[in-house]
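# Chains, contacts and geometry: an overview
So you can see what is in the structure, the chains are spelled out below.
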Amino acid sequence: MQYDHDQLLMIRAELGDLVEALRMTAYDANPLQFLMRLENIRETSAHHGLTAVAEIAATFEAALQRFGMQGNHAVCDSFLGIMADAIGVAHLHPAASEALLASVAIRLGG
């Protein structure tokens, strides 16, 4: 049981580092690097079963494609905050992921 908890803490730390690297990458200046880092977050979280974080990363990418260069600062700020929150409360239980995604939908919907 302790091993699972320690492993989850390590995964959260790794994802936190990836989000911080993404935060320091300006989408305007280097969209390819930004999207590659975002994809790394999605793949890492999906690999470790953190489906809510993976879904948020995929939705983040879709939002960037939809809005393009216009309005991307607001999109980036919103999604980076949401991903950081999701990583902080990440659980391996599917019901927790569903609740988190519902919270994100409400947050984005206004």
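Parameters and conventions
- Residues numbered from 1 in each chain as written.
- Predicted model: local features only at pLDDT ≥ 70, side-chain atom pairs only at ≥ 80, totals over all residues.
- Heavy atoms only, no water.
- Core = buried A, V, L, I, M, F, W, Y, C linked by side-chain atoms within 4.5 Å.
- Buried < 20%, exposed > 50% of the residue type's maximum accessible area, 1.4 Å probe, protein only.
- Helix = DSSP H or I, 4+ residues; strand = E, 2+ residues; numbered from the N terminus.
- Contact = heavy atoms within 4.5 Å.
- Axes fitted to C-alpha atoms, helices over the stretch in contact; angles between N-to-C directions.
- Parallel < 35°, antiparallel > 145°, perpendicular 65-115°, else oblique.
- Left-handed = near helix turned anticlockwise from the far one by under 90°.
- Nonpolar A, V, L, I, M, F, W, Y, C, P; charged D, E, K, R; others polar.
- pLDDT = per-residue confidence, 0-100.
- Salt bridge = Lys/Arg side-chain N within 4 Å of Asp/Glu carboxyl O.

## Points about the nonpolar core
With 25 residues, the main nonpolar core has Leu22, Ile41, Phe60, Leu64 and Met83 as its most contacted residues. Every element with two or more residues in this core is listed here: helix H1 (2-23), helix H2 (31-47), helix H3 (51-67) and helix H4 (72-88). The residues contacting Phe60, other than those within four sequence positions of it, are Leu22, Phe34, Leu38, Val75, Cys76, Phe79, Leu80 and Met83.

## Focus on the packing of H2 against H3
Running from amino to carboxyl end, H2 crosses H3 at an angle of 155°, the nearest separation of the two axes being 7 Å. Regarding the angle of H2 to H3, the classification is roughly antiparallel. Taken as a pair, H2 and H3 cross one another with a handedness that is left-handed. On the side of H2, the interface is formed by Phe34, Leu35, Leu38, Glu39, Ile41, Arg42, Ser45 and Ala46, while H3 contributes Val53, Ala54, Ala57, Ala58, Phe60, Glu61 and Leu64. By residue class, the composition of the contact of H2 with H3 is eleven nonpolar, one polar and three charged.

## Side note on the packing of H1 against H4
Relative orientation of the contacting elements H1 and H4 amounts to 170°, with a least axis distance of 10 Å. Considering their axes alone, H1 and H4 lie roughly antiparallel with respect to each other. Across the interface between the two elements, Arg12, Leu15, Gly16, Val19, Leu22 and Arg23 from H1 touch Leu80, Met83, Ala84, Ile87 and Gly88 from H4. Classifying every residue of the contact of H1 with H4 gives seven nonpolar, two polar and two charged.

## Some details on the confidence of the model for the protein
Predicted confidence across the protein gives a mean pLDDT of 83, with 81% of residues reaching 70 or more. When pLDDT is averaged over each element of the protein, H2 comes out on top at 95 and helix H5 (residues 94-109) at the bottom at 68.

## Things to note about the pattern of salt bridges
Inspection of every chain in the model, using the stated rule, returns two salt bridges. As a salt-bridge pair, Arg23 and Glu20 come within 3.6 Å of each other at their nearest N and O atoms. Of this pair, Arg23 and Glu20 both sit in helix H1, three residues apart, roughly one helical turn. Of the charged contacts, one joins Arg42 and Glu39 as a salt bridge, the two residues approaching to 2.6 Å between their closest N and O atoms. In this pair, Arg42 and Glu39 are both assigned in helix H2, three residues apart and thus about one turn of the helix distant. A relative accessible area of 26% means that Arg42 is categorised as partly exposed. Assessed through its relative accessible area of 23%, Glu39 is described here as partly exposed.

## Observations regarding the side chain of Thr25
Mapped onto the secondary structure, Thr25 falls in the loop between H1 and H2. Ignoring sequence-local partners within four residues, the contact set of Thr25 consists of Asn30, Gln33, Phe34 and Arg37.

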